[in-house]
Amino acid sequence: FDYNMIEHSTKNLLTYIVMDKNTVSETIIALEREAMSAWHDGNPSPFLELYSKDFTYFDPGQEVRLDGWDKIKELYDSLRGKVKMDRFEMINPVVQATDTMAVLTYNLHSYSGETLWKENCTEVYRLEENNEWKIIHCHFSPTKLPLINK
């Protein structure tokens with residue numbers, strides 16, 4: 001029995017797994033960056049194309065979670081063409097993935113003139129049967145809210 005063969009095969013498998021996770025990470029971040037770029041130019045369509053039919057969404061501007069693709073489409077249609085930012089930064093994006101699920105977290109900095117908006121973002125992606133990544137849940141929140149004294 002050749003133990004060197006097992007060691008070589010294990011190294012190849014681990015290399016494949018690491019490369020595969022890196023590919024997933026790169027793919028998820030690229031999808032997000034492309035959709036966010038369009039969003040900052042008033043076009044929510046790339047995000048709508050990424051959202052699953054059973055999509056859920058927590059937004060700091062909404063009192064309750066939005067459930068379903070139709071609800072987010074309604075919200076985004078009301079905002080279409082109204083969001084205009086000079087630029088944005090995805091700061092420290094991290095993707096944690098399994099075979100069929102991936103969680104992307106990052107800090108989003110959006111700039112308009114001298115104004116800077118800072119938000120935390122979490123996106124949960126699911127690999128669909130057609131081998132496309134879809135966002136099933138999104139959560140945005142302002143970064144570091146001021147303390148409220150009562």
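As a starting point, this report considers the structure included with it. Since the structure is predicted, the reported quantities are computational estimates derived from the model, not experimental observations.

**Section: the pairing of strand β3 (residues 87-97)**
Stage number 1. Judged from the nine bridges that link them, β3 and strand β4 (residues 101-112) form a sheet pairing that is antiparallel. Of the residues in β4, the one forming a bridge with Ile91 is Asn107.
Stage number 2. In this antiparallel pair of consecutive strands, β3 and β4, the connection spans three residues.

**So, unusual backbone geometry**
Stage number 1. In this structure, Asn92 takes a positive phi of about 55 degrees despite not being glycine.
Stage number 2. Tracing the sequence through the fold places Asn92 in strand β3.
Stage number 3. The backbone of Asn131 shows a phi angle near 70 degrees, a positive value even though the residue is not glycine.
Stage number 4. Relative to the assigned elements, Asn131 resides in the loop between β5 (115-127) and β6 (133-142).
Stage number 5. On the basis of relative accessible area, Asn131 is assigned to the exposed category, the value being 59%.

**Comments concerning helix α3 (residues 69-79)**
Each turn of an α-helix holds 3.6 residues, which means side chains three or four residues apart point in the same direction.
Stage number 1. Within the span of α3, buried status applies to Trp69, Ile72, Leu75 and Tyr76. The arc enclosing the buried residues of α3, seen along the axis, measures out at 130 degrees, which places them on a common side. With respect to the buried face of α3, the exposed residues turned more than 90 degrees away are Asp70 and Glu74.
Stage number 2. One or two steps after α3, the chain reaches Gly81, where phi turns positive at roughly 80 degrees.

**Considerations on the packing of aromatic side chains**
Stage number 1. Counting across every chain of the model gives six aromatic pairs.
Stage number 2. Taking the centre distance of 6.0 Å and the plane angle of 50 degrees together, the rings of Tyr51 and Tyr76 count as tilted. Here Tyr76 lies in helix α3 and Tyr51 lies in strand β1 (residues 51-58), a separation of 25 residues in the sequence. You'll find Tyr51 and Tyr76 in the same group, each marked buried.
Stage number 3. Ring centres of Phe55 and Tyr57 lie 6.0 Å apart, and the angle between their planes is 25 degrees; on these two criteria the pair is classed as stacked. For the pair Phe55 and Tyr57, a shared accessibility class is recorded, and that class is buried.
Stage number 4. Sitting over the ring of Trp69, Lys53 keeps its end group 4.1 Å from the ring centre.

What counts and what doesn't
- Residues numbered from 1 in each chain as written.
- Predicted model: local features only at pLDDT ≥ 70, side-chain atom pairs only at ≥ 80, totals over all residues.
- Heavy atoms only, no water.
- Pairing = 2+ DSSP bridges.
- Helix = DSSP H or I, 4+ residues; strand = E, 2+ residues; numbered from the N terminus.
- Buried < 20%, exposed > 50% of the residue type's maximum accessible area, 1.4 Å probe, protein only.
- Arc of directions from axis to C-beta.
- Phe/Tyr/Trp six-rings, centres within 6.5 Å; stacked < 30°, edge-to-face > 60°.
- Lys NZ or Arg CZ within 6 Å of the ring centre and 35° of its normal.

No statement about biological role is implied by the geometric values presented.
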